[in-house]
Amino acid sequence: MIKVLIVDDSASMRMFLEHILSADPDLMVIGTAGNGEEAISQADRLAPDVITMDIDMPLMNGLDATRRIMETRPVPIVILSGVLDRDEVITSFRALEAGAVAALQKPQGEGHPDHAWEVEALIQTVKLMSEIKLVRRWPQAKKGETVSPLPETAGIRPSQTPQVVAIGASTGGPVVIKEILSLLEKRFTLPVLIVQHMSPGFIRGFAEWLALSSGLPVHVASDGVKLLPGNVYVAPDGCHMLVDRNKGIRLSDAPPENGLRPAVSALFRSVTKIYGGRAVGVLLTGMGRDGADELLIMKKMGAVTIIQDQASSVIYGMPGEAAKLDAASFTLPPAGIGALLAAIEKQSQ
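Bear in mind the structure is a predicted one, so any value in this text is a computation, not a measurement.

**Considerations on helix α8 (residues 264-275)**
Residues separated by three or four positions in an α-helix point in the same direction, a consequence of the helix having 3.6 residues per turn.
Then step 1. An ideal rise of 1.5 Å per residue puts 16 Å on 12 residues; α8 measures up with 16 Å between its terminal C-alpha atoms.
Then step 2. When you tally the buried positions in α8, you get 10 out of 12 residues, the bulk of the element.
Then step 3. Of all the positions in α8, only Val264, Ser265, Ala266, Leu267, Phe268, Ser270, Val271, Thr272, Ile274 and Tyr275 are classed as buried.
Then step 4. Within two residues after α8, Gly276 carries a phi angle of roughly 60°, on the positive side.

**Examining the packing of helix α4 (residues 86-98) against helix α7 (residues 203-213)**
Then step 1. Taken N-terminus to C-terminus, the directions of α4 and α7 make an angle of 65°; their axes are 9 Å apart at the nearest point. Where α4 crosses over α7, the handedness of that crossing is right-handed. Counting all contacts with α4, which are made through Arg86, Val89, Ile90, Phe93, Arg94 and Glu97, the residues of α7 involved are Gly205, Phe206, Glu208, Trp209 and Leu212.
Then step 2. Considering only residue class, the contact of α4 with α7 consists of 6 nonpolar, 1 polar and 4 charged.

**Looking at the sheet that holds strand β5 (residues 102-105)**
Then step 1. Ordered in space as β2-β1-β3-β4-β5, the 5 strands form an open sheet in which the pairing is parallel. Each edge of the open sheet carries a strand with a single partner, namely β2 (27-33) and β5. Going across the sheet, the axis of each strand differs from the next one's by a mean of 25°, ignoring polarity.
Then step 2. With 3 bridges connecting them, strand β3 (residues 50-53) and strand β4 (residues 77-81) associate as parallel partners. When the sheet's bridge partners are listed, Met53 is paired in β4 with Ile79.
Then step 3. Sitting on the sheet, helix α1 (residues 11-22) touches β1 (2-7), β2, β3 and β4, and the angle it makes with β2 is about 165°.
Then step 4. Sheet strands in contact with α4 are β4 and β5, and its direction is about 175° off that of β4.

**Topic: the nonpolar core**
Then step 1. Core analysis: the largest hydrophobic core is formed by 62 residues, its most contacted members being Met53, Ile306 and Leu341.
Then step 2. It is α4 that contributes the most residues to this core, 6 residues altogether.
Then step 3. In contact with Met53, not counting residues within four places along its chain, are Val7, Ala39, Gly62, Ala65, Thr66, Ile69, Ile77, Val78, Ile79 and Leu80.
Then step 4. Judged by nonpolar contacts, the second largest core, of 29 residues, contains Ile249, Ala292, Leu295 and Met318.

**Here we look at the sheet that holds strand β7 (residues 192-196)**
Then step 1. Taken in spatial order, the 7 strands line up as β8-β9-β7-β6-β12-β13-β14 in an open sheet, and their pairing is parallel. Each edge of the open sheet carries a strand with a single partner, namely β8 (218-220) and β14 (330-332). Shown here is a sheet whose adjacent strand axes are inclined to one another by a mean of 20°, direction ignored.
Then step 2. Here β7 pairs with strand β9 (residues 232-234) via 3 bridges, running parallel. Looking across to β9, one finds that Ile194 is bridged to Val234.
Then step 3. The sheet contacts of α7 involve β7, β8 and β9, and relative to β8 the element is tilted by about 175°.
Then step 4. Contacting β6 (165-169), β12 (280-283), β13 (304-308) and β14, helix α11 (residues 334-348) crosses the sheet at an angle of about 165° to β13.

**Regarding the packing of aromatic side chains**
Then step 1. For the structure on display, the rule yields 4 aromatic pairs.
Then step 2. With 5.4 Å between their ring centres and 40° between their planes, Phe93 and Phe206 make a pair best called tilted. Within this pair, whereas Phe93 is found in helix α4, its partner Phe206 is found in helix α7, the two being separated by 113 residues in sequence. Each member of the pair, Phe93 as well as Phe206, carries the same accessibility label: buried.
Then step 3. Both rings, one in Phe206 and one in Trp209, keep their centres 6.3 Å apart while their planes meet at 35°; by these two values the pair is tilted. Highlighted residues: Phe206 and Trp209, both in helix α7, separated by 3 residues, approximately one helical turn.
Then step 4. According to the relative accessible area criterion, Phe206 is buried, its value standing at 0%.
Then step 5. Residue classification places Trp209 among the buried residues on the basis of a relative accessible area of 2%.
Then step 6. Grouped by ring-pair contacts, the aromatic residues Phe93, Phe202, Phe206 and Trp209 constitute a single cluster.

Cut-offs and rules
- Residues numbered from 1 in each chain as written.
- Predicted model: local features only at pLDDT ≥ 70, side-chain atom pairs only at ≥ 80, totals over all residues.
- Heavy atoms only, no water.
- Helix = DSSP H or I, 4+ residues; strand = E, 2+ residues; numbered from the N terminus.
- Expected span 1.5 Å × (residues − 1).
- Buried < 20%, exposed > 50% of the residue type's maximum accessible area, 1.4 Å probe, protein only.
- Axes fitted to C-alpha atoms, helices over the stretch in contact; angles between N-to-C directions.
- Left-handed = near helix turned anticlockwise from the far one by under 90°.
- Contact = heavy atoms within 4.5 Å.
- Nonpolar A, V, L, I, M, F, W, Y, C, P; charged D, E, K, R; others polar.
- Pairing = 2+ DSSP bridges.
- Core = buried A, V, L, I, M, F, W, Y, C linked by side-chain atoms within 4.5 Å.
- Phe/Tyr/Trp six-rings, centres within 6.5 Å; stacked < 30°, edge-to-face > 60°.

Take it as geometry only, folks, not as evidence of what the structure does.
Here it is as structure tokens:
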């Protein structure tokens, strides 16, 4: 049985979530809390396998409670956001930065058309996150600090000078992407395309959160937009993000790949078709194998391919599958990936 602690300031929402989670034979709700202070106390006393955490609560909010729990007794925390407005969504991403492992919208009531799949998403997320027994953290590179050893980039031939960066990520990815982009200078000239598997409703807030720490313009991708140097494009909810022959963005409602839309596989395949070896493919932390096969194709075409290392990955699924295929030119922690992208971009000038 997976032991779950529910944290929410609404008594009715606590009852609703307990009803949903207790209906699954693999889950057992062992306690509830109405604010962040109670959450800290209950987490220490009950030792749950997973915590569902509200954001906006009295006495202590979900962000501060997450920070305290991760400092004292690390446990997988799933953020449940009730209102997908800008402030709460950005706060949800700050909670991820503090150590939470996933963020979802609270399920709608039983009469809502999205109720069934939102309930399923919550149950599956709680189960999957319970498997993360140790939430690993990694220090960010200090300003002016050299990441050592810096990977050798001299082997990249001029004919393969990258013209685009494509990044794919799932669970644990938002914080890693934020760190990577924060290490790129404002003069970075390559367009960056990102597919981040995420619960619907969070993408716009994700882009805004990235923009707060990056010197690069960050956009939710729109169909037909021309790729601009040094701009970051995040795939929107429910659409594959592709590149057309004119090096613009094309959004597609083609069937999901690996059960996902947007899919990293679709992005990597499209980038390979248009740019060949003149690309950089980056596969980060996440469950499953989305993008692994396509990263290998990118490598065979002469592209620079990078995966996140196991030690810094919340879940070593996607990069691990790529590693099994020998699809990566480089295996690095987030700070090393940022440093390598910066070095490659400078060499391409």
